[in-house]
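Residue-level listing of the chains:
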Amino acid sequence: MSETALPVVDARGHRCPVPSLRLRKALTALPGEKHFVLLATDPMARIDVPFLMAELGGRVLEITADGDVLRITVERPVAPTD
């Protein structure tokens, strides 16, 4: 997985639930992408995004902080195969 190729959802400066809502919108808008990075400054994103990803069947791969900016890398849900 190349870090530079990941779509970035920038929700800095917004309070929850906006970061989760923007991430959900990106997951819908870019169905071919497997991984996404969410940038958020609301500390509640550390709780809300893992909850959202669990609800959707995806997962959080990594949460890092650079100052007050959270960088949350997620993996979308795997599509069911028949």
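Residues numbered from 1 in each chain as written. Predicted model: local features only at pLDDT ≥ 70, side-chain atom pairs only at ≥ 80, totals over all residues. Heavy atoms only, no water.

(A) Broad picture of the side chain of T73. Structurally, the position occupied by T73 is in strand 4 (residues 69-75). If we skip the residues at most four places from it in the chain, T73 touches L6, F36, V37, V60, L61 and E62. (Helix = DSSP H or I, 4+ residues; strand = E, 2+ residues; numbered from the N terminus. Contact = heavy atoms within 4.5 Å.)

(B) Expanded view of the sheet that holds strand 1 (residues 8-11). Reading across the sheet, the 4 strands line up as 1-2-4-3 and stay open at both edges, with mixed pairing between neighbours. In this open sheet, the two edge strands, each paired with only one partner strand, are strand 1 and strand 3 (59-66). Neighbour-to-neighbour, the strand axes of this sheet turn through a mean angle of 20°, independent of strand direction. As defined by bridge partners, strand 2 (residues 35-40) adjoins strand 4 across 6 bridges and the pair is classed as antiparallel. (Pairing = 2+ DSSP bridges. Axes fitted to C-alpha atoms, helices over the stretch in contact; angles between N-to-C directions.)

(C) Broad picture of the nonpolar core. By size, the foremost hydrophobic cluster in this structure holds 15 residues, and its most contacted members are L23, V49, I72 and V74. When contributions to this core are tallied by element, the ones reaching two or more residues are strand 1, helix 1 (18-29), strand 2, helix 2 (45-56) and strand 4. The greatest single-element share of this core, amounting to 4 residues, is contributed by helix 2. For V49, the residues in contact, after removing those within four places along its chain, are S20, L23, L38, V60, I72 and V74. (Core = buried A, V, L, I, M, F, W, Y, C linked by side-chain atoms within 4.5 Å. Buried < 20%, exposed > 50% of the residue type's maximum accessible area, 1.4 Å probe, protein only.)

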